[in-house]
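For reference, the chains in residue letters:
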Amino acid sequence: MKKLLFLLTLSIALGTQAQQHVMTVDVSKSTARINPAMYGIFFEDINFGADGGLYAELIKNRSFEFPQPLVGWVPFGEVTVTDENPCFDRNPHYIRMVNDGRLLRTGLDNEGYRGIGLKKGEEYRFSVYTRTPETKSMKLSVEFVNSNGQNLLKKEIEINGADWQKQTIVLKSPFTDTHARLRIVLLTKGTVDMDHISLFPVNTWKKRENGLRADLAQALYDLNPGVFRFPGGCIIEGNSLATRYQWKNSVGPIENRPLNENRWNYTFQHKAFPDYFQSYGLGFYEYFLLSEDLGAEPLPVVSCGLSCQYESNEVVPLNELDPYVKDALDLIEFANGPVTSEWGKVRAEMGHPEPFGLKMIAVGNEQWGEVYPERLEVFMKAIRAQYPDIQIIGSSGPSASGNHFDYLWPEMKRLDVDLVDEHYYMAPEWFFANAARYDNYDRKGPKVFAGEYASHDHPTGKANNFLAALSEAAFMTGLERNADVVRLATYAPLFAHVDAWQWNPDLIWFDNLRLMRTPNYYVQQMYGMNAGTDVLSLQMNGKSVAGQDSLYATAALDAPTGEVILKLVNASAHPTTIQIDLNGLKKQQLVSGTCTYLQNCDWKAVNTLEYETIVPRVRPVEVDVRSLNLELQPRSFGVYRLTLSGKK
Ligand code: AHR
């Protein structure tokens, strides 16, 4: 008795009173099928996500098409920009270098995207289109310069002939530097023209020449995403209609894809990004290819004839909408059409005769007001008439509630869209409090696509910290428990360059050589790797588990393996014990289990480029025949995979 009193007093003094909860999972009762594509990714060229990020091109302004055509370049000697008799009609600018034998040197440096990342021993493919009016052979030196200004590698190439020709060489870097530069020097007296100056690592994702940064693409692959939404985001709308994302400009030979302004190139949060443009080197063909590589359903977003409503707010009159609708129809043909069709042929010529198997398309991003459903309706009629099997996604505006949201949801029902895209960038408290958001959603209306969401911890400057990640994990239990309503979910944004970002938090941060997976990344990965196929009925103490005593949970069956998957969040500062009873087992019994978990007592904990503190760890779980007792660590998210024996 004395001992018991002592233990009781001790636990109260330590403030660690363990609470006993009973959670019941009925393994014989599937309440919803989980969409195999449920957990996915959303990609937008924001924060140098594409050019300067996932797209492995290391040269900024390779075609000299920026409004100030030498942005990114430092010329020396006699270097001019011209467009007379160009190499590429849609990117006509090129440079002319003249070495008159008097100036010390003629040439130019490229600064890359806040530097060029080079790794010692790695190979890089340099290419350039050149011509010369000279009758002799001209020589260029291609050089890697480190951040101290030392030329540590030089390789010469020869230029001959008055017609444009592509030259390619491979250089091995003798040094590692995140802020290196490329230098080209004209060594011979005379004139040389150059265009489309490019440098890629040889080791890109899948070793493709117009490829992706291998480490960043691998990080996407490791999420096991079910769906891939692209290319935005606000960039599909553009700052103006003229600069909206036009997918047709992003396919075909890369040299002739016209440059477009990036919607995120303006002054934002006191940071100016006048050098942020879209080369379209990572274009729709590459996006579809990446979806295929990742095993994710492609989900393109197209402009609905409204430019960004936060910016110029331009509206295409209804009687001028046809070219926009045609772009959407042609896109479906580009993805799925036979090689004999106009756009299927373009896809085949780019190397992919087989269709990409597109199943859905989103029309518009974060639109609002009557102008949106009016335009969406026109798109829907045309798409339904020609492609009745393609699912159409409409928008509920930029926020999780409010006037736009309240107006648009009934409109989306009236139009009978297949899914409604909801966006929420909210505080962690909102995410915890909204774990039951979908419990009472209309089961008969359009389904939900949680297309952009992230927990914004304002007091920490919206850091990708453990609080934000855990609140997302808690919220996502509610997405999964309501998998009959919520069919798709994608965190946003995906990438951010540490030296050039406009928006945070973001799932993956990177510099020119390294990457950092945030705690939020690992939450997404734990869901993506453990989606399961069927939601199982689950109750705690006879009630819903969303938020009782800071606990959040969902249970699923993984039909192919027969495993039961529990996802449990303990958001309290105390450990909590929980007994889990499995009902409906018949002749089966529990034999073993593992727990993959994230845990940290410090809400402010973050990962860094140097070290990832918050990573999933795995431990075995002891099980009884049809129950298990768990002690949930304080502030933790655990995914439990439980193996059953015997036949059902
Ligand atoms: O993800 C960043 C931006 O947030 C997207 O472009 C837009 O859709 C939302 O406002």
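Above this text is the structure in question.
Residues numbered from 1 in each chain as written. Predicted model: local features only at pLDDT ≥ 70, side-chain atom pairs only at ≥ 80, totals over all residues. Heavy atoms only, no water.

**Some points on the packing of helix α5 (residues 322-336) against helix α6 (residues 342-349)**
Then, number 1: For the pair α5 and α6, the least separation of the axes is 7 Å and the interaxial angle reads 45°. Relative to α6, α5 is oriented oblique. When the axes of α5 and α6 are compared, the crossing they make is right-handed. For the pair α5 and α6, the contacting residues are Asp330, Glu333, Phe334, Ala335 and Asn336 in the first and Glu342, Trp343, Gly344, Val346 and Arg347 in the second. (Axes fitted to C-alpha atoms, helices over the stretch in contact; angles between N-to-C directions. Helix = DSSP H or I, 4+ residues; strand = E, 2+ residues; numbered from the N terminus. Parallel < 35°, antiparallel > 145°, perpendicular 65-115°, else oblique. Left-handed = near helix turned anticlockwise from the far one by under 90°. Contact = heavy atoms within 4.5 Å.)

**Observations concerning the site of the ligand**
Then, number 1: With respect to spatial proximity, the complete set of residues near the ligand consists of Phe42, Glu44, Ile46, Gly233, Cys234, Trp264, Asn365, Glu366, Tyr425, Glu452, Pro493 and Trp503.
Then, number 2: Here an oxygen atom of the ligand and a backbone polar atom of cysteine 234 are 2.8 Å apart.
Then, number 3: At a separation of 2.8 Å, an oxygen atom of the ligand approaches a polar side-chain atom of glutamate 366.
Then, number 4: A total of 280 Å² of accessible area belongs to the ligand in isolation, and the protein chains cover 97% of it.
Then, number 5: Here the shell around the ligand is composed, by residue class, of 7 nonpolar, 2 polar and 3 charged. (Near = heavy atom within 4 Å. Polar contact = N/O pair within 3.5 Å; in protein donor to acceptor, adjacent residues only side chain to side chain. Areas by Shrake-Rupley, 256 points an atom, 1.4 Å probe, with all protein chains shown as cover. Nonpolar A, V, L, I, M, F, W, Y, C, P; charged D, E, K, R; others polar.)

**Quick notes on the sheet that holds strand β26 (residues 534-540)**
Then, number 1: Sheet architecture is open: 9 strands sit in the order β31-β30-β33-β28-β27-β26-β1-β29-β32, paired in mixed fashion. Each edge of the open sheet is held by one strand with a lone partner, namely β31 (617-621) and β32 (627-632). Mean inter-strand twist for the sheet, computed between neighbouring axes without regard to direction, equals 25°.
Then, number 2: Where strand β28 (residues 563-570) lies against strand β33 (residues 636-645), 7 bridges are found, and the strand directions are antiparallel. Residue pairing across strands places asparagine 570 opposite serine 636, the latter belonging to β33.
Then, number 3: Across the sheet, helix α11 (residues 519-529) lies against β28, β30 (589-599) and β33, angled at about 160° from β30, the strand it touches most. (Pairing = 2+ DSSP bridges.)

**What about the pairing of strand β27 (residues 551-558)?**
Then, number 1: The buried fraction of β27 is high, at 8 of 8 residues.
Then, number 2: Here β27 shows two buried faces, one formed by Leu551, Ala553, Ala555 and Leu557 and the other by Tyr552, Thr554, Ala556 and Asp558.
Then, number 3: Taken together, the 2 bridges between β26 and β27 define a ladder with antiparallel strand orientation. Directly across from valine 535, in β27, lies its bridge partner alanine 556.
Then, number 4: Both β27 and β28 contribute to a ladder of 8 bridges, which runs antiparallel. Bridge assignment links alanine 556 to a residue of β28, and that residue is isoleucine 565.
Then, number 5: Taken together, β27 and the strand that follows it, β28, pair antiparallel across an intervening segment of 4 residues, in which glycine 562 is found at a positive phi of about 75°. (Buried < 20%, exposed > 50% of the residue type's maximum accessible area, 1.4 Å probe, protein only.)

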